[in-house]
Structure formats: structure tokens, C-alpha cells
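Below are the chains, spelled out letter by letter.
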2 protein chains.
Amino acid sequence: MLPGIGVFGTGPVVKVLVPILRENGFKIEAIWSRTIQDAQETAKELAIPFFTNKIDDVLLQKDVDLIFVLCPPNWHAQISVKALGIGKHIVCDKPAGLSQTDALKMVKAGQYYPTLISLINHSFRFLPAFIHMKKALKDNYLGSPITLIDIRVQSGCLFSDSDTFDWKCDDTMGGGTLNLIGSHVVDLITYITGQKAVRVHGVVKTFTKNAENINGIRSISAPDFCCFQMELQNDILVTTTLNSHTAGTTFQQEVMICSSTGHLVVRGGDLFGRHNKGNEEVIYLDVEDLQYPVANSILPKTFTKGLCKMVSALREAFLPVNEKAGWIKEPVCSAANFEDGLYVQAVLSAIRQSSQTRQWVKVDVMTEQPDQNELLSAVVRRTAISIS
Amino acid sequence: MLPGIGVFGTGPVVKVLVPILRENGFKIEAIWSRTIQDAQETAKELAIPFFTNKIDDVLLQKDVDLIFVLCPPNWHAQISVKALGIGKHIVCDKPAGLSQTDALKMVKAGQYYPTLISLINHSFRFLPAFIHMKKALKDNYLGSPITLIDIRVQSGCLFSDSDTFDWKCDDTMGGGTLNLIGSHVVDLITYITGQKAVRVHGVVKTFTKNAENINGIRSISAPDFCCFQMELQNDILVTTTLNSHTAGTTFQQEVMICSSTGHLVVRGGDLFGRHNKGNEEVIYLDVEDLQYPVANSILPKTFTKGLCKMVSALREAFLPVNEKAGWIKEPVCSAANFEDGLYVQAVLSAIRQSSQTRQWVKVDVMTEQPDQNELLSAVVRRTAISIS
């Protein structure tokens, strides 16, 4: 039995997700936005029966059992924690909230309600090319240990010229290429290799500070470029270049995993490999085409395809259980959970710190909420030092 | 009147260069290698009338007026300085010698004999795609200042499986991807933008330490991977990934220059661009094909094409002047000179230091040879500290 869906947010990903959900038999019951006008417009466009700007109005709906949190990151923790408390399943957009503090709140709530699904929308985990890549590694396709992972993502500007100033332009609100694309990369590496980052070095930059509708006193602070290196537990080096600064280019991604005797590389949605001194061979070609209206989205095809597969996994998790909102674990067991989301926040935060201090930074995953009094006295101490 | 040529070295670049020189009307008079057997074999293969393992035997030949120094880097400074002293023109392979100390010796000699040609073999400066890129920048194609330069070079292993241990496997002897490919990248950026690096950060790695014929007590120390960032004088960020670790892949290069309103990108030997919110357009397509035997070389096509154009520029410099070894400056005025070679060594050395210290490192171009006594006492001091 499929659960009814409540959606938070009205951005491009919502407009892609809703048709995919319907294709998989899910019913969309309610939509929320911060402004009632925005909620109403999107509800009309997507033919959703109920719209609101009050969080509880969605969470308390009897027919809503699965919540998609796709609104700006500053709302993620509040909505997710509340929804779990009310007994609703959650899929939250990446990265989980604005910071480790947000992510840790979500982790604690998720641990408190282990019978509820609590996932992060890292749809790359469901892209067939990456699933085949993970399998090839497990089957020792490379023949020797991984040495190097080289990742490159090139995309046009992350918001369109017609956009006005919103969270996507603002670094502190969770916008920018490090949060929106880097989070996928960091999660993907752990998904594929089973390894986590020990130390990182990064350069995070905002090259373009103005757009057609964003100028004057408001300027863009969200980074449009970052490159970072990560050292994984097993001495694997990861190097990543994310460029959202070259406007007008189409989305391109390449993820290459090397050993001394071979390599595996995902280009777009296809997987290639080379081992035992042979030539590069095709391992998986993604020939499946996306259907209208999903194909017309500004979202990269690989994200959308991953999302399709993730929704279909959710269907597999709910459908076989007759009990309302009951589910089985297996179909969604490889999805990113809130703990994965916390780890990703820890890495992103270390990369930002590295870019500021020009040092390599150790990745420290938060396990306890920082004491507010301690935080305050640290600020006071720092102020005292800078005055004296 | 074209000068007679003396060649030092017997590697792949020599086997490409000699036919190119002959096609341009140059006569190869003599060849040198460290072992007489090697010199004899190559002389026979390339039909060069005179071979030797004595440096002076080439330099003192009356018919030799232009020297190509293409032997291992530890010989560069000695041969170049001596050749200039005897009054011969020089083209020396990149990077200039093993270190800034070597390069500075060459600079001083070049300054002492300004009537002689003294160039570094940075053949990318002669590749049409990069010449068109430089021109497009000058014509303000981008519409706003350069913000970011993103460079990626992927090549197979820099030596073949049949090779035995030689300088190319050895870091301290000048082998590895940072020296052999990185030097071109560092020089190219200055050629195209007119800007120099102020500060660098790099990770330099030797992932593959053994090959079929290189194992046991001898192992490869020359890096097969490096990524580095450079901050240029005008706040331009350069990020570079050089991967010679993925054996079996074909040589690929991409050099992308971005501004907030457009970009220019060289892929292989072709130039593309985008400006004023238009689509990416072709600016220059390299359709010229290389002739046998040059086309069959293991050298990347773009290197070889640049070399062809450089030799043809040398022909233009010498041919119009009737006087023996006389020349005009204009055709070779954009080539890299020994000062450029010294700057490149300074950057490479800063990148290596950054990789060791895990810090950003300021680029310091050497202007005076370090005092040997000072060096010695520094070593003594350091030893004393580590003992105490």
C-alpha cells in the first residue's frame, strides 16, 4: 500500500518529482511553501488538492504518510524533526540542513524513530552507472587497490537569469556549487568505495557576484566554483573540480576511479573501464530516455534519472506491505540516511574552513550539540583577544 | 642561410625533431649521447653523419651553429652554458635543468650572449589553438576580466613498459608528470595571460612505483599525478589536474579560460568560445594532419604540431640573413626564453614544496646563486637542531 505524499517546497526539483511520483502510483495530497501565493500557484500547476503555508497543516494530514522536504535548507531540520515526531516518513533534500548542528538534530530524531524511513535525496546512489561501478569494484575489476579518484562536474549557472535573489544566491542560506553539487560528490565517494574522508583541502570561490536581476546592494555570495582534495581512510586521494561558473555550458560529469592496473570511469550516465592492459571498454550504456515533462527540466538528466530510480525503490519498499505506511527495508537499504547526511555536512564544513585558512583540515563529525554557553563564551573570548 | 644542427640526446623527441628539421631545410651535422653505443645506433637510424659521447666534439664542430639540448635534465645547464660560451645558438628542452640553480646559470649565460638565440622548447606557444586563444583574449572576446583557468591533461604512463630504469622514472633526475607536463602548463598560462603565479598549492603523487622492467630494489619515484592551484597576479585562480596514472588512455588536454560573461576553451588542438550569452562556437579547428614518420611518435600530437611550428619559426628567423648564423628576432619573439624557464622552475619548486609541507607556498624566483657555504651551514644547523 503506497503512502500519501506531502511536499515541502516549490522549486524545480518539485516539478520533476511530482510527475515521477504519480507515474509510480503515489498520490500527492498536500504542498507547502513559505508564502501562500507561491503554494497556491504550484498546487494549481501540479494539480495538488491542498496547499498551505503552515507546516503543521501538511504534517497533521491523515492521508499524508511520506514527506518530501525540498524547500530551502534552513527549513530542513525543523520540518524533518517535527515530521518524524508526528510519525511520518521523510525524504529530505541534500545537504541535510545548513550545518552539522542541523544535521545532528535530524540524526538524533531519526535514531529515535527507527521504524520510520528517514533518507537524504542523494539520487546518484540510484543511477545505474554508479551502481555498476560499485559492483565492478566489488568484483575486483581494477585488479589492485584504488589509488586515485578524479571527479569533474561542469554545469551552467545554478540559477537562471530570470531568478531574483533567494537562498540559492546566498552562501549562509545553503546555496552554491559546494552545497548543491559537492554534497552529491562527497556522498557518492563513500557509497562507491565504502571509505570516508580523513582530511581535506579546498578552494571555494564566488566569481560571479551579480546577475541581471541581482545587483545593487544585493550580491551573490554562494560559490560558483570549488575544487577540493580529500584523503580517504585507505590513503586514496580524491580530487574534485566543480565549475558552475561557465554559464551556458551543458551539464557534464566525469567520475574516474584509478588503480595501478586499470580504471573505471562514469561519463554522464555511462560506465567505461579498462583492466589488464586491455583497451577501454563499455561496461554500461544508459540508453533509457526520460519522458515529458520530466525530460524538459533544468535539472541534469543524471540527477533526474537517479530520482526516478529512487522513487521506484520507495514504491518497492511500501507496496508489498498491506498495513498503512508499513514498509520493508531492502529496496531502500542503499539510500543515504541521516547519518550519511551528517558526515557530508562535516566534510563540506571542513572544505569551507580549509578555503578560509588555506590549510588542510581534519574532518570532524559532530556527535554532541555544541553547548550554547560555550559557543557564547568562545565568541566573547575571541572578541576580547581581537580588542586587546 | 640555415645553421647546421647539433643534437644532444636520443629520446623520442629527437626522433620526431630530426625529420621536422630536415623538412624545413636544416642539416643535422652531429649527435651526442652519454654512451657511444647509443649515439651510434641513433646516428645510424636517423642518418646523421657524426656521432660522439664527448660534448666538445659537437660544440666545436665548425658546421654546427644551432644546438638542440634534448638529453636528460641533469645535462641541460652544463651543455647550454658551454655552447653559448663557444658562440652557438641553443634550444633547450623543458624544464630548464633540474632546479632554479641550473636555470639561473642558463639565464646568466643567455644574458651574457644576447646576440645568440637561447630558447626553451615550450612548443605549446606555437600551437595555433593557443595562439588564437591569446589573440581572442587580446580582442576582449570574453567581455570581462579572466576569473578562472581550469586545465586538465590526461595521458598514459610517461614511459613504456619496455623501458628500463632511467631518468624519466626518477624524481630527482627530473622525471615525472609535474616536470614534463606541468612545466608546459605553467609556461602556457603566462604566455596566454601575461600573468605570473604569486602563490601555489599542490599535491604531487607517485601512485605506480613499479613496472614490468622496473621492480626489485629499483622503484619509480617520478610522480605520475599532480594537481595544483595557482593564484596569479590579478587574483585569477588557476586549477590544474595532470593525470599520467591512467595507463592506456589516449592523451587528452583541455584548457578553459573563464570570465563572468564567457569562456574560451582549447580541447586537443581546437579552440571553442562562448560570449554574450550565445552558444559555444568553434573559433579554430585544427584540420592539418601530421606526416609519417612524425605522426607515428608516442609524443602527443599537440606537442609535435607545436614543435613543427617552432622549427618553421626558427627557419624564418635564420633564412633571410645571409651571414653565417645570423638571424632576425621577430619570428621567434614569442618563444620561451631562459628567463621564462627560470620562472617555470620557481613555480615547479614551490608546488613540490607545497605538496611536502601541505601549505600554500609563495613563488620566489631566484636572482642570485645560493652561497655554497651558506647552504652547508644551514644543513649543519638543521642537523644540530634535529640531534639536540
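Per chain, residues are indexed from 1 in the order of the written sequence. A letter from A marks each chain and a number from 1 marks each ligand, given out in the order of writing. Local features in this predicted model are restricted to residues of pLDDT 70 or higher, and side-chain atom pairs are both shown and tallied only at a pLDDT of 80 or more, whereas totals for entire chains, interfaces and linings draw on every residue. Values shown for side chains rest on all heavy atoms present in the structure; no hydrogens or waters enter the calculation.

Chain A carries the name Glucose-fructose oxidoreductase domain-containing protein 1 in an unreviewed UniProt entry, which gives Molorchus minor as its organism. Here is the UniProt Sequence similarities (unreviewed entry) comment for chain A, exactly as written: "Belongs to the Gfo/Idh/MocA family." UniProt positions are given in the numbering used here, feature names are shortened, and annotations may be inferred rather than shown by experiment.

(A) The arrangement of the confidence of the model for chain A in detail. A residue-level look at chain A finds 94% of positions with pLDDT of 70 or above and a mean pLDDT of 91. Prediction confidence for the complex, expressed as pTM and ipTM, is 0.92 and 0.90 respectively. Per residue, pLDDT captures the predictor's confidence, and it can take any value from 0 to 100.

(B) Inspection of the packing of helix 7 (residues 177-193) of chain B against helix 9 (residues 338-357) of chain B at higher detail. Residue and element names in this part refer to chain B. Structural elements are reduced to axes, namely lines fitted to C-alpha atoms, with helices fitted over the stretch in contact, and the angle between N-to-C directions of any two is expressed from 0 to 180 degrees. Helical segments are the DSSP runs of H or I of at least four residues, strand segments are the runs of E of at least two, and each set is numbered from the N terminus. The N-to-C vectors of helix 7 and helix 9 enclose an angle of 120°; their axes lie 9 Å apart at closest approach. Of the possible angle classes, the one that applies to helix 7 and helix 9 is oblique. In terms of crossing hand, the pair formed by helix 7 and helix 9 is right-handed. Within the contact between the two elements, helix 7 uses Leu 178, Asn 179, Gly 182, Ser 183, Val 186, Asp 187 and Thr 190 and helix 9 uses Asp 340, Tyr 343, Val 344, Val 347, Leu 348, Ile 351 and Arg 352. Under the convention adopted here, Pro, Cys and the residues Ala, Val, Leu, Ile, Met, Phe, Trp and Tyr are nonpolar, Asp, Glu, Lys and Arg are charged, and Gly plus all remaining residues are polar. Partitioned by chemical class, the residues of the contact of helix 7 with helix 9 number seven nonpolar, four polar and three charged. Here the word oblique covers every angle except those under 35 degrees (roughly parallel), over 145 (roughly antiparallel) and from 65 to 115 (roughly perpendicular). Left-handed describes a crossing whose near helix is turned anticlockwise from the far helix through less than a right angle; right-handed describes the clockwise counterpart. Residues are treated as being in contact if the distance between any of their heavy atoms lies within 4.5 Å.

(C) Local environment of the relation of the copies chain B and chain A. Least-squares superposition of the copies uses the C-alpha atoms of those residues scoring a pLDDT of at least 70 in each of them. Laying chain B over chain A is done by rotating through 180° and shifting 0.0 Å along the axis; what remains is an RMSD of 0.0 Å. Accordingly, the operation relating the two chain copies is best matched by a two-fold axis. Of the C-alpha atoms belonging to chain B, the one lying closest to the rotation axis is found on Gln 359 of chain B, 3.0 Å away. Take the interface residues of chain B: 100% of them recur as interface residues in chain A, which is what a same-surface contact looks like.

(D) Region of interest: the sheet that holds strand 6 (residues 118-120) of chain A. All names here are of chain A. Think of it this way: DSSP has to see at least two bridges between two strands before they count as a pair. Taking strand neighbours across the sheet as the criterion, the seven strands line up as 3-2-1-4-5-6-15 in an open arrangement whose pairing is mixed. Two strands bound the open sheet, and with one partner strand each, they are strand 3 (50-52) and strand 15 (336-337). Here three bridges tie strand 5 (residues 89-92) to strand 6, and the two strands are oriented parallel to one another. Its bridge partner lying in strand 6, Cys 92 is registered against Ile 120. Most of the contacts of helix 1 (residues 12-23) go to strand 2 (residues 28-32), to which it runs at about 170°, and overall it touches strand 1 (4-8), strand 2 and strand 4 (64-69).

(E) Focus on helix 2 (residues 36-46) of chain A. Residues and elements named next belong to chain A. Buried within helix 2 we find Ala 39, Thr 42, Ala 43 and Leu 46. Taken end-on, helix 2 shows its buried residues confined to a sector of 105°, consistent with a single buried face. Facing away from the buried side of helix 2 by more than 90 degrees, the exposed set consists of Gln 37, Lys 44 and Glu 45. On the buried face of helix 2, the contacting elements are helix 1, strand 2 and strand 3. Only protein chains enter the accessibility calculation, which uses a 1.4 Å probe; a residue is then buried when its area is under 20% of its type maximum, exposed when over 50%, and partly exposed in between. The reported arc concerns the directions from the helix axis to the C-beta atoms and nothing else.

(F) Fine view of the interface of chain B and chain A. Contacts between the two partners involve 38 residues from chain B and, on the opposite side, 38 residues from chain A. Put simply, a salt bridge is a Lys or Arg side-chain nitrogen that is within 4 Å of an Asp or Glu carboxyl oxygen. Scanning the region where chain B abuts chain A turns up six salt bridges. In this structure, Arg 152 of chain A engages Asp 150 of chain B in a salt bridge whose closest nitrogen and oxygen atoms are separated by 3.5 Å. Contacts described as polar in this section are N or O atom pairs within 3.5 Å, which, within protein, must combine one atom able to donate a hydrogen with one able to accept it, while residues neighboring in sequence count only if both atoms come from side chains. Taken together, the links from chain B to chain A amount to 15 residue pairs in polar contact (both at pLDDT 80 or more). Going through the elements one at a time, strand 7 (146-154), strand 8 (197-205), strand 9 (225-232), strand 10 (237-243) and strand 11 (252-259) of chain B are the ones with two or more residues in the side of chain B that touches chain A. Looking at the side of chain B that touches chain A, the element that brings in the most residues is strand 7 of chain B, giving five residues. Its residues assigned to classes, the side of chain B that touches chain A shows 10 nonpolar, 16 polar and 12 charged.

(G) The pairing of strand 8 (residues 197-205) of chain A, seen in detail. Residue and element names in this part refer to chain A. When strand 8 meets strand 9 (residues 225-232), the two strands line up antiparallel, connected through eight bridges. Looking at the pairing, Arg 199 lines up with Glu 231 of strand 9. Relative to strand 16 (residues 361-362), strand 8 runs antiparallel, the two sharing two bridges. Within the sheet, the bridge partner assigned to Arg 199 lies in strand 16 and is Lys 362.

(H) View of the packing of aromatic side chains. In this analysis, rings of Phe, Tyr and Trp, with Trp reduced to its six-membered ring, are considered paired at centre separations within 6.5 Å, and the interplanar angle assigns stacked below 30 degrees, edge-to-face beyond 60, and tilted for intermediate values. Counted by the stated rule, this structure contains 14 aromatic pairs over all chains. On the basis of an interplanar angle of 65° and a centroid distance of 5.1 Å, the ring pair of Trp 32 of chain A and Trp 75 of chain A is categorised as edge-to-face. Placement of the pair is Trp 32 of chain A in strand 2 and Trp 75 of chain A in the loop between strand 4 and helix 4 (76-86), with a sequence separation of 43 residues. Taking the centre distance of 5.6 Å and the plane angle of 65° together, the rings of Phe 251 of chain B and Phe 303 of chain B count as edge-to-face. Placement of the pair is Phe 251 of chain B in the loop between strand 10 and strand 11 and Phe 303 of chain B in helix 8 (residues 301-318), with a sequence separation of 52 residues.

(I) A nonpolar patch on the surface, seen in detail. All names here are of chain A. A grouping of Val 282, Leu 285 and Val 287 is seen on the molecular surface, where their side chains present a nonpolar patch of about 300 Å² in accessible area. Inspection of the secondary structure puts Val 282 in strand 14 (residues 281-284). On the accessibility criterion, Val 282 (48% relative accessible area) is partly exposed. A patch is a set of surface residues, each over 30% in relative accessible area and not in a salt bridge, joined within 9 Å for like charges and within 5 Å for the nonpolar side chains Val, Leu, Ile, Met, Phe, Trp and Tyr. Reported accessibility uses the Shrake-Rupley method at a 1.4 Å probe radius. Residues are deemed covered only where the shown protein chains occlude them.

(J) Looking closely at helix 1 of chain A. Residue and element names in this part refer to chain A. By definition here, a helix of n residues has an expected span of 1.5 Å times n minus one. Taking 1.5 Å of rise per residue, the 12 residues of helix 1 would be expected to cover 16 Å, and the 18 Å separating its terminal C-alpha atoms lies within 8% of that figure. Turning to helix 1, its buried residues number three or more, namely Val 13, Val 14, Val 16, Leu 17, Val 18, Pro 19, Ile 20 and Leu 21. Looking one or two residues beyond helix 1, the residue adopting positive phi is Gly 25, at roughly 95°.

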